[in-house]
Amino acid sequence: MIRDITLGQFYPVNSVLHRMDPRTKLFGTMVFIISLFLADSLWAYALATLFLVFCIRMSKVPFSFMVRGLKAIVFLLLISVSFNLFLTDGEELFRLGFLKITREGLRMSCFMGLRLIYLVIGSSIMTLTTTPNQLTDGLEKSLGILKVIHVPVHEISMMMSIALRFIPILVEETDKIMKAQMARGADFESGNLIQKAKSMVPLLVPLFISAFRRATDLAMAMEARCYRGGEGRTKMKPLKYERQDRMAYLLLVLYLAGMIAIRTVL
Amino acid sequence: MAIKVEGLNYIYGQGTAFEQHALKDVSFEIPDNQFVGLIGHTGSGKSTLIQHLNGLIRPTSGTIWFNGTDIYSEGYSLKKLRSNVGLVFQYPEHQLFEVDVFSDVCYGPRNLGLGEEEVKERAREALGLVGLKEKYWEQSPFELSGGQKRRVAIAGVLAMRPEVLILDEPTAGLDPRGRDEILDQIKELHDKQGMTILLVSHSMEDIARYADRLMVMNHGEKAFDGPPREVFEHYMELEAMGLAAPQVTYISHALKDAGIPIEDSITTVEEARDAILGLLKRV
Amino acid sequence: MNIVKASKLIYDYIRRDEEENIEEVDRAIDSLDVEIEKGSFVAILGHNGSGKSTFAKQINGILTPTEGTVWVAGMDTADEDSIWEIRKKAGMVFQNPDNQIIGNVVEEDVGFGPENIGIPTEEIWKRVDESLKAVGMAAFRHKSPNKLSGGQKQRVAIAGVMAMKPECIVLDEPTAMLDPNGRKEVIRTVRELNRQEGITVLLITHYMEEVIEADRVIVMDDGKLVMDGTPKEIFSRVDELKTYRLDVPQVTELAYELRKAGVDLPEGILTQEEFLDRILPLLKERYPA
């Protein structure tokens, strides 16, 4: 049941963004994040908004899914907005008791808020349109040049992929172990910090042992299917750039150029 | 009355896309010292049900009584309930964690806040009940065989001195002799220690041999409830639920259909043999 | 023509302490001689600790003999250079369904093996399609393994092995962690593969009901081969099986008990149908319709 929670929340639908090479999307996410930190004027945020809306439309993912990620940062958003709203010096606009709101404060809080919201939505677009496997494949391919300096890119990518596969399984196992120990009178809730830490031992030891056992089994199974590292491996789903990727790169470069221009000019 | 359950409902993930009605209006009473078998297809709600009985899962609606008291009544200690209603999960050896066998078995009674002497006494008693020789007690639980580890895990629950013992597929993964040994030990706990037993199993033959009463779960509902021989009479309906009656039950029904006056409700090999021999010896 | 051959095979599990001194030696396989014929469906029965799983791991070189030799398709498993060829020829399915699935999506897991041996992309897809179809899991190809039942996961594992086009599949207690329906699913799949594709199947198990349709049943006990014959031959020796900590299906036991009491029934009855065919005439004599 716990396994139903999908990691990264991939939303399966056939859109341009879904079909795009994950490397393109990784680059795009990076560009977008950089652009958000370059933005410091209304025009910049307007361009960023345009770009974001365009991407959202292109992803064909319902908007309700996009905003799900925002739930996690509601608190952070509130704090950041209020801090900027009430603690920035400048030309006073209103006063609520001892709290004053300045023009600069209003501007800063809006920009901070937008930045946070756009960051979350932007990354969500990435995870909603890319499967965990595509992500690791994309990372493996893009970081390929690091192989020259002996970085084990393939191995890292394989580890990430396997970790993604087993996280739901280990989460479920944690729940099972917790319940089994609670059935023996364990109490994970009460007590001070030290007591709580001690009570975790009967949870963590079996979990670690189980994880090691799985790892050993998995290694055996991988070897039985002739796995011996990245050498000589072919790919079932090789990454290939298509027309939409080339268009996307062009658009991204233009967008970034635009944001830099706005910053320097305005 | 050891356990009484009325109108139990449990709904997973209410309001989300994953909403599932895991238990639908389940009611039953288990008297002291009964040996109950609980069967059902995978996903029928068996595991969910047993986790309600010791307060690990809280029902969406319905009431659960232990020895006459509502377990969710004001001030009722669920921790104490868990010492009275012992629950052994499937593959219980996965919960072992201590440096040595003896310490692991002490974990349960220690959690109950008992004195060291009492804790050790109970651990010794429990290990004796599962038949694990003393020479293993100082060893790391991870050095034991699968069957031995399982016995240590069961001892860990027995050390709480529960009145009711619930076991979820205690024979899973064991070889035939290992299965018999565990089941015989459970039967002994029922007969000699007077425990109330609730055994979740996939093996009809095992249930037929050991249980006084059989409850069948189907898609979250209780479909049948009665002595095994009665329940297996519904073998065709059981089959539709993805369950099977013991082989000898099918055989006796096939013989009956062919016009042989064999008696009803045969569920064990011994009964079948006696019945057939009886029929053949008639001159 | 044999695909697997073991000669005077001995295997010891050696436990060493911190200084690499030998602490304990456990002889898991004690001088085993056996030959498995190509295309046959062989079941290896034994209680936990009889050495059957240890033997299974010898076949694809996960373990190599302490003494003696194991040949797979004529290659010596102790020869490091042959090990990958051997693993291509002899695939293995393990007991824990989750711990052998690597892919996040069913079809990707099935493609894992071919990827490892450098099969070109187009050919990988062909093999994945064929293998999924052969095990009846084609409809689930885009699903996450987490959404599958135990039996379905094992079928995916079998497909993953099939995609490497082996000559022989070794299944090490593939049904031990499954419910009865899952068990039936897996055994049916394996039987079909043996019949349709001619793959040699080596099924390691302790469930007697699963071996009824095997060509040959080998029983191991204490590291030795103690019984070897057709299912009928083996099943008729009920008392002997019990000394090896094994059990027979109810119908076999019933027939055996009746035979002991003097009823005229043949030995080694395996199925309900067989039993009914034999017992009905006897009963009909007394109770003519």
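Residues numbered from 1 in each chain as written. Chains lettered and ligands numbered in written order. Predicted model: local features only at pLDDT ≥ 70, side-chain atom pairs only at ≥ 80, totals over all residues. Heavy atoms only, no water.

**Here we look at the interface of chain B and chain C**
Turning to step 1, where the next piece is worked out: Taken together, the contacts link 36 residues of chain B with 34 residues of chain C.
Turning to step 2, where the next piece is worked out: Both faces combined, the contact of chain B with chain C buries some 3,200 Å², and carbon together with sulfur accounts for 61% of it.
Turning to step 3, where the next piece is worked out: For the chain B face of the interface with chain C, the top three residues by lost area are D175, Q247 and L280 of chain B, together amounting to 19%.
Turning to step 4, where the next piece is worked out: For the pair chain B and chain C, the number of links is three salt bridges.
Turning to step 5, where the next piece is worked out: Taken together, the connections running from chain B to chain C amount to ten residue pairs in polar contact (both at pLDDT 80 or more). (Contact = heavy atoms within 4.5 Å. Buried area = accessible area lost by both parts, 1.4 Å probe. Salt bridge = Lys/Arg side-chain N within 4 Å of Asp/Glu carboxyl O. Polar contact = N/O pair within 3.5 Å; in protein donor to acceptor, adjacent residues only side chain to side chain.)

**Some words on the side chain of H206 of chain C**
Turning to step 1, where the next piece is worked out: By secondary structure assignment, the location of H206 of chain C is in the loop between β8 (200–205) and β9 (216–221).
Turning to step 2, where the next piece is worked out: Take H206 of chain C: its relative accessible area is 1%, and that puts it in the buried class.
Turning to step 3, where the next piece is worked out: Polar side-chain contacts of H206 of chain C include one of 3.1 Å to the backbone oxygen of L174 of chain B.
Turning to step 4, where the next piece is worked out: A distance of 3.4 Å separates polar atoms of two side chains, one belonging to H206 of chain C and the other to E173 of chain C. (Helix = DSSP H or I, 4+ residues; strand = E, 2+ residues; numbered from the N terminus. Buried < 20%, exposed > 50% of the residue type's maximum accessible area, 1.4 Å probe, protein only.)

**So, the interface of chain A and chain C**
Turning to step 1, where the next piece is worked out: Taken together, the contacts link 30 residues of chain A with 39 residues of chain C.
Turning to step 2, where the next piece is worked out: Counting each side, the surface lost to burial between chain A and chain C is near 3,300 Å², with a carbon and sulfur contribution of 52%.
Turning to step 3, where the next piece is worked out: Counting the surface chain A buries against chain C, the share from its top three residues, R165, R225 and M236 of chain A, is 29%.
Turning to step 4, where the next piece is worked out: At the junction of chain A with chain C, the criterion picks out six salt bridges.
Turning to step 5, where the next piece is worked out: Note that R87 of chain C is salt-bridged to E223 of chain A, the shortest N-O span being 3.8 Å.
Turning to step 6, where the next piece is worked out: Where chain A touches chain C, the interface holds 22 residue pairs in polar contact (both at pLDDT 80 or more).

**As for the sheet that holds β8 of chain C**
Residue and element names in this part refer to chain C.
Turning to step 1, where the next piece is worked out: Pairing in this open sheet of six strands is mixed, and the strands run β6-β7-β8-β3-β9-β10 from one edge to the other. Strands with a single pairing partner mark the edges of an open sheet, and in this sheet they are β6 (90–93) and β10 (224–229). Pairs of neighbouring strands in the sheet enclose a mean axial angle of 20 degrees, with direction left out of account.
Turning to step 2, where the next piece is worked out: Alignment of strand β7 (residues 168–172) against β8, held across five bridges, turns out to be parallel. Of the residues in β8, the one forming a bridge with C168 is T200.
Turning to step 3, where the next piece is worked out: Sheet strands in contact with helix α1 (residues 52–59) are β3 (41–46), β6, β7, β8 and β9, and its direction is about 150 degrees off that of β8.
Turning to step 4, where the next piece is worked out: Together, β6 and β7 form the strand contacts of helix α5 (residues 150–162), whose direction differs from that of β6 by roughly 165 degrees. (Pairing = 2+ DSSP bridges. Axes fitted to C-alpha atoms, helices over the stretch in contact; angles between N-to-C directions.)

**Here's the deal with the pattern of salt bridges**
Turning to step 1, where the next piece is worked out: In the structure shown here, the tally under the stated rule is 56 salt bridges over all chains.
Turning to step 2, where the next piece is worked out: Between R225 of chain A and D109 of chain C there is a salt bridge, with the nearest N and O atoms lying 3.1 Å from each other. With one member in each of two chains, R225 of chain A in the loop between α10 (201–224) and α11 (243–265) and D109 of chain C in helix α3 (residues 106–116) form a pair that bridges those chains. We note that R225 of chain A, like D109 of chain C, is buried.
Turning to step 3, where the next piece is worked out: In the salt-bridge network here, residues are joined through shared partners; they are K237 of chain A together with E107, E108, D129 and R141 of chain C.

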